[in-house]
Amino acid sequence: MKMDSKIILRVVFVTAISIVLAACLPSAPTDHQGARTITVYGFSIMKEVMEKEIYPGFAAKWKREHGVDVGFVSSFAGSETVTNQVLQGAPADLAILSIDRDAQRLYDGKASTTDWHQYPNKGIVNKTPFIILVRKGNPKGIRDFTDLAKPGVKLIHPDPVSSGGAQWSLLAIYGSEVKRAEAEGRTANPVGLLQSIWKNVISTPGSAREARTQFETGYGDALVTYELEGLLMKNAGAEIEMVIPKATIFSEHPVVMIDQHIDADERPVVEAFIQYLWTDEAQKAFVKYHFRSAANPALDSTNAEFATIEQPFTIEMFGGWPKAYPDIIEKAFQQQVQNKK
């Protein structure tokens, strides 16, 4: 059976960069008469829900409605890494990213010419709060972000250079101090808190998933990560506990169409797949895999394991990513914390 040349090019290219960048790529499906292949690049923690629920769900829907098979090729890594891969020419049809800033980078770099904010929920497909994972029994007595600065605590924290999750984590810690200071009627010192905590960081893996894997091996006392990572670990029987900070951020994850690689005859199925992500079917799948729903918050009630966040906040607390990145990630963290460790 003759395989479409574009599919062959995609599989070869994606496989090559996966070797270099350690991205996880399943094999491309066999092309049949009129079949379509969608290439998805996603940030690391999207892997399970996409491969086990979203891809099969959409493929079945498209086959039922159009009589055409749809297969998927995908690559998962840190959000910043994924963005860099796409900007360097990786043949993605769409990217699901950890942070809106990475979506903007793709748009500014002409990889995408479609404004993702025009999609439902301004392009956000799901969300999740940031929590702390500790060892069973919580031997270090960690109850909130401030306790991560205690002497002797060994903290694993993904690298903000490659991981969008790491940037969310920094904003969670920073914002929690602002919220705490407001409640106590004092001047906030979020940079001071970051400095104290960062002294206890013993490892900075490239993505949130790599950080989780390292923590699972028994390395470190604590890990700041997405709630869903903690729930997936608990469901797998890991000897860990989840600490829910009083105030924490909800990360929000956008999808972006990579127009530069999409032919006119491919565009309808790619657009349909993107729109599918906000259907109740897809949103239920996200909730099943411990993401909070972006399109229908009522669906969250179907997951009894979700924690109650007492003082939740979002990126808007900092004026959005256009302000949060230069003011907090660059000026506060990189200049005043990371470079002074």
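Please read all numbers here as calculations on a predicted model, not as lab measurements.

A word on the overall build of the protein. Each helix and strand counted, the protein has 11 helices and 11 strands in total. Scaling as 2.2 N^0.38, a compact globule of 341 residues should have a C-alpha radius of gyration of about 20 Å, and the protein matches this with 20 Å. Dimensions along the principal axes, computed over C-alpha positions, put the protein at roughly 65 × 40 × 35 Å. Burial statistics for the protein: of 341 residues in total, 57% are counted as buried. In the protein, the share of contacts with a sequence separation of at least 24, taken over all contacts with a separation of at least 6, comes to 76%. About 14,100 Å² of surface is accessible on the protein, with carbon and sulfur atoms providing 50% of the total. Separation between the mean location of the 36 positive side-chain charges and that of the 40 negative ones in the protein comes to 4 Å.

Okay, the environment of V269 next. Relative to the helices and strands, V269 resides in helix 9 (residues 267-276). Under the relative-accessibility criterion, V269 is labelled buried at 3%. For V269 and V337, which are 68 residues apart along the polypeptide, the C-alpha to C-alpha distance reads 45 Å. Residues within four places of V269 in sequence aside, it is in contact with R36, I38, F58, W62 and V70.

Every buried residue of helix 10 (residues 280-288) is accounted for by A282, Q283, A285, F286 and V287. Buried positions along helix 10 lie against helix 2 (47-66), strand 4 (124-135), helix 9 and strand 10 (292-293). The first or second residue beyond helix 10 is H290, which carries a positive phi of 75 degrees.

Looking at the protein as a whole, the pLDDT averages 91, with 90% of positions reaching at least 70. Note that residues 11-32 has pLDDT below 50 and, in this model, 46 contacts with residues that lie over four places away or in other chains.

Before going further, it helps to spend a moment on the packing of aromatic side chains. Enumeration over the complete set of coordinates arrives at 16 aromatic pairs. With centroids separated by 5.0 Å and ring planes inclined at 55 degrees, the aromatic side chains of F72 and F273 adopt a geometry described as tilted. In this pair, F72 sits in strand 2 (residues 70-77) while F273 sits in helix 9, placing the two residues 201 residues apart along the sequence. Like F273, F72 is buried. When the ring of Y119 is compared with that of W278, the centres are 5.8 Å apart and the planes differ by 40 degrees; the resulting orientation is tilted. Linking Y119 in the loop between helix 4 (100-108) and strand 4 with W278 in the loop between helix 9 and helix 10, this pair joins segments that are 159 residues apart in sequence. We note that Y119, like W278, is buried. The ring of Y325 carries the charged tip of R101 above its face, separated from the ring centre by 3.5 Å. Directly above the aromatic system of F306 lies the positively charged group of R292, at a separation of 4.3 Å from the ring centroid.

What counts, and where the lines are drawn
- Residues numbered from 1 in each chain as written.
- Predicted model: local features only at pLDDT ≥ 70, side-chain atom pairs only at ≥ 80, totals over all residues.
- Heavy atoms only, no water.
- Helix = DSSP H or I, 4+ residues; strand = E, 2+ residues; numbered from the N terminus.
- Rg over C-alpha atoms; globule rule 2.2 N^0.38 Å.
- Buried < 20%, exposed > 50% of the residue type's maximum accessible area, 1.4 Å probe, protein only.
- Contact = heavy atoms within 4.5 Å.
- Areas by Shrake-Rupley, 256 points an atom, 1.4 Å probe, with all protein chains shown as cover.
- Lys, Arg positive; Asp, Glu negative; His and termini not counted.
- Charge placed at Lys NZ, Arg CZ, Asp CG, Glu CD.
- pLDDT = per-residue confidence, 0-100.
- Phe/Tyr/Trp six-rings, centres within 6.5 Å; stacked < 30°, edge-to-face > 60°.
- Lys NZ or Arg CZ within 6 Å of the ring centre and 35° of its normal.

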